[in-house]
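Descriptive structure summary
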Amino acid sequence: MVGSSNRVESFPDATDLEASLPFPTPSVTPLQVHNVSVPQEKTTFQSLKQRLGEVFFPDDPLHQFKNKSFLRKMVLALHYFFPIFQWGSDYHLKLLKSDAISGVTIASLAIPQGISYAKLAGLPPIIGLYSSFVPPLIYSVLGSSRDLAVGPVSIASLVMGSMLREVVSPDKEPTLYLQLAFTATFFAGVFQASLGLLRLGFIVDFLSKPTLTGFMGGAAIIVSLQQLKGLLGIVHFTTKMGFIPVMQSVFENRTEWAWQTVVMGLSFLAFLLIARHISLRRPKLFWVSAAAPLTSVILSTILSFIFKAQNHGIKTIGHLQEGVNPPSVNMLDFGGPYLSLAIKTGIITGILALTEGMAVGRTFASLKNYQIDGNKEMVAIGAMNMAGSCASCYVTTGSFSRSAVNYNAGCKTALSNIVMASAVLFTMLFLMPLFYYTPNVMLSAIIIAAVIGLIDVRGALLLWKVDKFDFLACMSAFFGVLLISVQMGLAVAVGISLFKILIHATRPNTVILGNVPGTTSYRNLAQYREAARVPSFLILGIESPIYFTNSMYLQERILRWVREEEERIMKSKESSLKCIVLDMAAVTAIDTSGMEALSELKKTLDKRSLDLVLANPVGEVAQKLSRSGTWELFGSEHIYMTVGEAIAAASYKCQT
């Protein structure tokens, strides 16, 4: 049946044929059984080129250069590698107003958050401001998202701090700790940019949404518990990140609790949470939650100065260095005993930062109905981290909270990041002395208010309702972070994601199909209750590619379906089973192990006087079956274009 004709067989007596079919048919038109065509052969080079193109260039980035003049190609290339020239060429003053408002608004959020997140990472507070200045400038030139607001984020800060603190103490060895943070940031940038340049962004997708939901929720709780040190005024606090050690430390040091610190911390935390609630309920009032952190910092600083808070046990930030980012190239350490720690920390924080930044960028791009280039985003985020590591910055990415404010404030282009960076620069040059009296407890309250939104209870409940396995993955990652460590929770999240992929790859779904009355369509009996079995036939649908990982399982599972069908037939005293039809429409690929499994399955069923028929093999599968000789083993009378034709032909042959 291999060929190119549209019709290979015609039954002359349509009435006799229709009568022979074991199920009702809507008409008595002459039946035509079509052949299954094999695609035209391609050279090895052509096949390899097509395959690599689908893997690494699914978006066909060179399409825009086709049939263009050399000069136009140069302009398009400039736009492609530096998106600022694309949106900058059409920029006008009407857009500037929106971007300026958005930039100033997110700066009011970025300044207090930057200081707070640096503290979370175990770094000097000024590093948080440095990281809110240089990276946004780099991203505005290279990034393709209009809404992404760049800067330090809580999860990456937590992971970097927890991993580095296990080996080096930021209090005892601050210089070494700072060197490792900058070096880890450099490696994070190298890893991120490499994924983009090599177009390997699909690696990031191994962190599935359910595992990320659990991981982020667990990390948010750990971050919040860590802030109890500042919120309660505790001096001696554990450096461990687990739920149990933190709670033990809180209650073992309850004599250090300072009521003044507790009152101030809880008061401003309540203010921040109320502001957040107002903005969530009324999106038009987004500026309420955006301005709340800076307002809290200003008010707490004034109160601290007036009432001499330091004399009442409330610790303040103290002196912050004025001026722009000092260079830190000389602090990058590519040798010594801690290099492996820096690389490991960089890769893990790089993956988390990249995952968060990509998710945030895609979310707001979909809201405004435009697309971002994932690989360019990876290069942009990687470049800003590599550049940032040389300018006293640590790992940065797109922040969801700041990006949401940027979006709601009406930003039009990435210029809002430049405005934000300018506001941060102004702060570093002229406003640093004002932060001297800012209470540390205020930073803890800002962090708790920021990360509480990462706990997605509704998302977890939806997972329970929709997919119990996804819920299990979510909870495993959640408790892994909460009860063991942040790193172990991340490892559990990745492990569960990979395990889920292996489960789907090694245990594909197979279903029994039946005919929907009045049609020639065959559907899953469990899904379509009106569908009816075809007497003497067992129609099975295979819903995955057939590879070495699942070929033996499929062979055993199909034989089990046959056994169960024969037992059912015997019990209900129906017509004996004569033919098994495999619907191959969903089998998008097959390898040599899969073809061998089909051959073995046919031989096994032949010994039991049962026919095995293949229906609707797709192009690549048909081509491989033809090349391997499996096609000849089955014969043209056992391979059909549709399930209906396979059953009609087999039924006719049984009658003749």
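Predicted model only: the values in this text are computed from it and were never measured.

The rules behind each value
- Residues numbered from 1 in each chain as written.
- Predicted model: local features only at pLDDT ≥ 70, side-chain atom pairs only at ≥ 80, totals over all residues.
- Heavy atoms only, no water.
- Helix = DSSP H or I, 4+ residues; strand = E, 2+ residues; numbered from the N terminus.
- Buried < 20%, exposed > 50% of the residue type's maximum accessible area, 1.4 Å probe, protein only.
- Contact = heavy atoms within 4.5 Å.
- Areas by Shrake-Rupley, 256 points an atom, 1.4 Å probe, with all protein chains shown as cover.
- UniProt positions renumbered as here; feature names shortened; annotations may be inferred.
- Patch = residues over 30% accessible without salt bridge, like charges linked within 9 Å, V, L, I, M, F, W, Y side chains within 5 Å.
- Salt bridge = Lys/Arg side-chain N within 4 Å of Asp/Glu carboxyl O.
- Phe/Tyr/Trp six-rings, centres within 6.5 Å; stacked < 30°, edge-to-face > 60°.
- Lys NZ or Arg CZ within 6 Å of the ring centre and 35° of its normal.
- Polar contact = N/O pair within 3.5 Å; in protein donor to acceptor, adjacent residues only side chain to side chain.
- Pairing = 2+ DSSP bridges.
- Axes fitted to C-alpha atoms, helices over the stretch in contact; angles between N-to-C directions.
- 1 Å grid on protein atoms, 1.4 Å probe; cavity = no way out; pocket = protein on both sides within 12 Å on 5 of 7 lines; lining within 4 Å.
- Points joined across faces, edges and corners; volume = space filled by probe spheres on them.
- Right-handed = clockwise from strand over helix to strand, strands pointing away.
- Core = buried A, V, L, I, M, F, W, Y, C linked by side-chain atoms within 4.5 Å.
- Nonpolar A, V, L, I, M, F, W, Y, C, P; charged D, E, K, R; others polar.

Moving on, we come to the overall build of the chain. Along its length, the chain carries 27 helices and ten strands. The buried share among the 656 residues of the chain stands at 51%. A separation of at least 24 residues holds for 79% of the contacts in the chain among residues at least 6 apart in sequence. Put simply, the chain shows about 31100 Å² of open surface, and 63% of that area lies on carbon and sulfur atoms.

What follows covers the UniProt feature "domain: STAS" (unreviewed entry) in the chain. UniProt records the feature "domain: STAS" (unreviewed entry) for residues 527-650 in the present numbering. Split by type, residues 527-650 is 49% helix and 15% strand. Its first and last C-alpha atoms lie 26 Å apart.

Together, Phe-243, Ile-244, Phe-479, Leu-483, Ile-484 and Met-488 make up a nonpolar patch on the protein surface, roughly 550 Å² of accessible area in all. The set of elements that each furnish at least two residues to the nonpolar patch consists of α12 (243-252) and α21 (468-483). Relative to the elements of secondary structure, Ile-484 occurs in the loop between α21 and α22 (486-506).

A few words on helix α17 (residues 400-408). Within α17, burial applies to Arg-402, Ser-403, Ala-404, Val-405 and Asn-406. On its buried face, α17 sits against α5 (93-120), β3 (150-151), α14 (286-306), α15 (339-367) and α18 (415-431). Looking one or two places after α17, you find Gly-410, whose phi comes out positive at around 90°.

Let's shift gears to the packing of aromatic side chains. Throughout the structure, instances matching the rule amount to 15 aromatic pairs. On the basis of an interplanar angle of 70° and a centroid distance of 5.0 Å, the ring pair of Tyr-436 and Tyr-437 is categorised as edge-to-face. With relative accessibility at 28%, the residue Tyr-437 sits in the partly exposed group. Put simply, the rings of Phe-186, Phe-187 and Phe-334 touch in pairs and so form one group of aromatic residues. Over the ring of Trp-464 we find Lys-468, and its NZ or CZ is 4.7 Å from the ring centre.

Looking now at the environment of Ser-145. Its location among the elements puts Ser-145 in the loop between α7 (134-142) and β3. As a C-alpha pair, Ser-145 and Phe-364 span 219 residues in sequence and 8.4 Å in three-dimensional space. Sequence-distant contacts of Ser-145, that is, excluding residues within four places in its chain, are made with Tyr-139, Gly-361, Tyr-370, Ile-372, Glu-377 and Ala-414. For Ser-145, the side chain forms a polar contact with the main-chain nitrogen of Leu-148, separated by 3.2 Å.

Bringing the sheet that holds strand β5 (residues 510-515) into the picture now. Strands sit in the order β6-β5-β7-β8-β9-β10 across an open sheet of six strands; the sheet is mixed. Either end of the sheet is taken by a strand with one partner, and the two such strands are β6 (522-524) and β10 (639-640). Looking at chain direction, β5 and strand β7 (residues 537-542) are connected through three bridges and run antiparallel. Bridge assignment links Val-511 to a residue of β7, and that residue is Gly-541. Sheet strands in contact with helix α23 (residues 551-572) are β5, β7 and β8 (579-583), and its direction is about 150° off that of β7.

What follows deals with empty space enclosed by the protein. This model, assessed by the stated rule, comprises two cavities of 30 Å³ or more. By volume, the largest cavity amounts to about 60 Å³. If you trace the largest cavity, you find it lined by Ile-542, Ile-546, Ser-551, Leu-554, Gln-555, Ile-558, Gly-594, Ala-597, Leu-598 and Leu-601. Elements that contribute at least two residues to the lining of the largest cavity include exactly α23 and α24 (592-607). Looking at the second largest cavity, its volume works out to about 40 Å³. Contributions of two or more residues to the lining of the second largest cavity are made by β5 and β7. If one sorts the elements of the lining of the second largest cavity by residue count, β7 sits on top with three residues.

Turning to the pairing of β8, a few remarks are in order. β8 sits mainly inside the fold: five of its five residues count as buried. Of the two faces of β8, the one carrying Cys-579, Val-581 and Asp-583 and the one carrying Ile-580 and Leu-582 are both buried. At this point the chain moves from β7, through α23, to the parallel β8, and the crossover so formed is right-handed. Bridging between β8 and strand β9 (residues 611-615) involves five bridges; their strand directions are parallel. Along β9, the bridge assignment pairs Cys-579 with Asp-611. In the classification by handedness, the crossover that spans β8, the intervening α24 and the parallel β9 is right-handed.

Turning next to the side chain of Thr-316. Among the secondary structure elements, Thr-316 is positioned in the loop between α14 and α15. Within polar-contact distance, the side chain of Thr-316 engages the backbone oxygen of Tyr-436 at 3.4 Å. Residue contacts for Thr-316: discarding those within four places in its chain leaves Ser-304, Gln-310, Tyr-436, Tyr-437, Thr-438, Pro-439 and Asn-440.

With that settled, the discussion passes to the nonpolar core. Of all hydrophobic cores here, the largest spans 93 residues; its most connected members are Leu-123, Ile-127, Leu-158, Val-159, Phe-215 and Tyr-394. Those residues within four positions of Phe-215 in sequence are excluded, and the remaining contacts are Ile-155, Val-159, Leu-352, Ala-477, Phe-478, Val-481, Val-486, Gly-489 and Leu-490.

With the rule as written, the count across this model stands at ten salt bridges. Among the salt bridges present, the one from Lys-500 reaches Asp-470, with a minimum N-O distance of 2.3 Å. Remark: Asp-470 occurs in helix α21 and Lys-500 occurs in helix α22; sequence separation between them is 30 residues. For Lys-500, a relative accessible area of 21% translates into the label partly exposed.

A positive phi is found at Ser-609, a non-glycine position, where the angle reads about 60°. Structurally, Ser-609 can be placed in the loop between α24 and β9. On the basis of relative accessibility, which here comes to 64%, the residue Ser-609 falls in the exposed class. Located in the positive-phi region is Asn-616, a residue other than glycine, with phi close to 55°. Of note, Asn-616 is situated in the loop between β9 and α25 (619-628).

Quick look at the layout of surface pockets now. Computed from the structure, the second largest pocket encloses a volume of approximately 1100 Å³. Contributing to the lining of the second largest pocket are 38 residues, with Lys-119, Gly-122, Arg-165, Asp-171 and Lys-229 lying nearest its centre. Contributions of two or more residues to the lining of the second largest pocket are made by α5, α8 (154-165), α9 (174-197), α11 (228-232) and α19 (440-451). Looking at the lining of the second largest pocket element by element, the count peaks at four residues for α19. Partitioning the lining of the second largest pocket into residue classes produces 18 nonpolar, 15 polar and five charged.

Looking now at the environment of Ser-476. Here Ser-476 shows up in helix α21. For the pair Ser-476 and Val-492, spaced 16 residues apart in the sequence, the C-alpha separation amounts to 7.0 Å. Aside from chain neighbours lying at most four places away, what touches Ser-476 is Val-492 and Ile-496.

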